[in-house]
Amino acid sequence: MRARVAFAAALGLVLAGPAFAQDGEDPLNRPVALQYAEAFGEPGPPRLVHGATWSLGSPTLAVTLIDSGAGLVLIDAGLAQWAPVIEAHLEQIGYAIADVKLILSTEPHYDHASGLAALARDSGAKVLASAAGAEVLRAGHSTRSDPQLDELFTYAPVPEVTVVGDGEVVRLGALELTAHATPGHTPRSLTWSWQSCANADGCRNLVAAASLTSRTDGTYRYSAPENAGALAAFRDGLARLAGLPCDQVLSRHPAHAQAAGATGAEPCKALSAHFGAALDAQLEQEAASGQP
């Protein structure tokens, strides 16, 4: 509980009563983490980001839509109870859920992934994730290798998940999206990048950055000898993010980008530097605790 409350505090939000009613009619839409619904907010009306890229999520939790011209791509799904709202919002901008052909996962935590099963079922879309992320999505829960395991909620498993590797390019029509391994917040995180073009505004390199927080459940320690490889991978991922062509970053928690100053020039470098410093602070805190 302490870690979950800390999560909401990190977003600068106050936990309140649930925003969704639990009706139990559809097991894939069964609400997850209702006690934190206020912290995550509700999906707002579709907002055009640039070109054919839209935001469908809430102010604190991102869901990204891209129209490739040959079908739609979703990046993440948000909470399970969001799925009917996401589908309704697609219709508001002239699409149908059946137009979604690919759903790309950045990480398998419940806030980003618990809606995947419903949206994949309703659309027939292919779900793509890292190899380790696919294992978690198929199970609907994480393992002890996850720094936040003790605060996570389970969710409906995603039966079919296609694995993509670091640097792999996924194509739909003329759209090309590249997967970048950025583990740390979870051992399984992927960041996605693509180029967005608009007639009146030229082209931009957009990056859907996976969460990068190094906060733990209080049991996991990045400094533990058995986690040395995970710590090195975390730093490698931060360096990889900093080196991406990046005109605009779409953080999975938009407040993180604001806190990092990642809304101006070189936003991916700013995001990487901010969370690199946070990781250093986490390691200092672990060292000061005196625990093995």
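The chain has the name MBL fold metallo-hydrolase in an unreviewed UniProt entry, where Novosphingobium decolorationis is given as its organism.

Visitor: What's the story with the sheet that holds strand β11 (residues 202-208) in this structure? I'm lost.
Guide: Picture the strands of a sheet paired through backbone hydrogen bonds; they go either parallel or antiparallel. Taking strand neighbours across the sheet as the criterion, the five strands line up as β8-β9-β10-β11-β12 in an open arrangement whose pairing is mixed. Looking at the sheet topology across the chains shown, the edges are occupied by β8 (169-172) and β12 (248-249).

Visitor: Quick question: what am I supposed to make of the packing of aromatic side chains here?
Guide: Aromatic ring pairs are reported here in terms of the distance separating the ring centres and the angle at which the planes meet. Summed over the entire model, instances satisfying the criterion amount to five aromatic pairs. Between the aromatic rings of Phe 40 and Tyr 110, the centroid separation amounts to 6.1 Å while the plane-to-plane angle is 85°, which identifies the pairing as edge-to-face. One end of the pair, Phe 40, is in helix α2 (residues 37-40); the other, Tyr 110, is in helix α4 (residues 110-113), and 70 residues separate them in sequence. Among the aromatic residues, ring-to-ring pairing joins Tyr 36, Phe 40, Tyr 110 and Phe 153 into one connected group.

Visitor: What exactly am I supposed to notice about empty space enclosed by the protein here?
Guide: To find leftover empty space, one rolls a probe the size of a water molecule over the atoms. Scanning the entire structure with this criterion turns up two cavities of 30 Å³ or more. In this structure, the second largest cavity spans a volume of roughly 30 Å³. Along the walls of the second largest cavity sit Ser 105, Thr 106, Glu 107, Pro 108, Ala 129, Ser 130, Gly 133, Leu 137, Arg 188 and Leu 190, which together make up its complete lining. A per-class count over the lining of the second largest cavity returns four nonpolar, four polar and two charged.

Visitor: Whenever I open this one, the sheet that holds strand β1 (residues 47-50) confuses me. Can you help?
Guide: In spatial order, the strands read β1-β2-β3-β4-β5-β6-β7; together these seven strands make up an open sheet with mixed pairing. In the strand order of this sheet, the two ends are held by β1 and β7 (162-163), each with one partner. Here four bridges tie strand β3 (residues 64-67) to strand β4 (residues 72-75), and the two strands are oriented antiparallel to one another. Looking at the pairing, Ile 66 lines up with Val 73 of β4. Relative to the sheet, helix α5 (residues 116-123) contacts β4, β5 (100-104) and β6 (126-129), its axis offset from that of β5 by approximately 160°. Of the strands in this sheet, β6 and β7 touch helix α6 (residues 131-139), which is tilted by about 125° from β6.

Visitor: Which parts of the structure should I look at to understand the environment of Arg 144?
Guide: One can find Arg 144 in the loop between α6 and β7. Put simply, Arg 144 and Arg 188 are 44 residues apart on the chain and 13 Å apart in space, counted from C-alpha to C-alpha. Leave out the neighbours within four places in its chain, and Arg 144 touches Leu 149, Asp 150, Asp 217, Thr 219 and Tyr 220. Within the local environment of Arg 144, its side chain forms a polar contact with the backbone oxygen of Asp 146, the two atoms lying 2.9 Å apart. Here Asp 217 takes part through its side chain, which lies 2.9 Å from a polar atom of the side chain of Arg 144.

Quick notes on the rules
- Residues numbered from 1 in each chain as written.
- Predicted model: local features only at pLDDT ≥ 70, side-chain atom pairs only at ≥ 80, totals over all residues.
- Heavy atoms only, no water.
- Pairing = 2+ DSSP bridges.
- Helix = DSSP H or I, 4+ residues; strand = E, 2+ residues; numbered from the N terminus.
- Phe/Tyr/Trp six-rings, centres within 6.5 Å; stacked < 30°, edge-to-face > 60°.
- 1 Å grid on protein atoms, 1.4 Å probe; cavity = no way out; pocket = protein on both sides within 12 Å on 5 of 7 lines; lining within 4 Å.
- Points joined across faces, edges and corners; volume = space filled by probe spheres on them.
- Nonpolar A, V, L, I, M, F, W, Y, C, P; charged D, E, K, R; others polar.
- Contact = heavy atoms within 4.5 Å.
- Axes fitted to C-alpha atoms, helices over the stretch in contact; angles between N-to-C directions.
- Polar contact = N/O pair within 3.5 Å; in protein donor to acceptor, adjacent residues only side chain to side chain.

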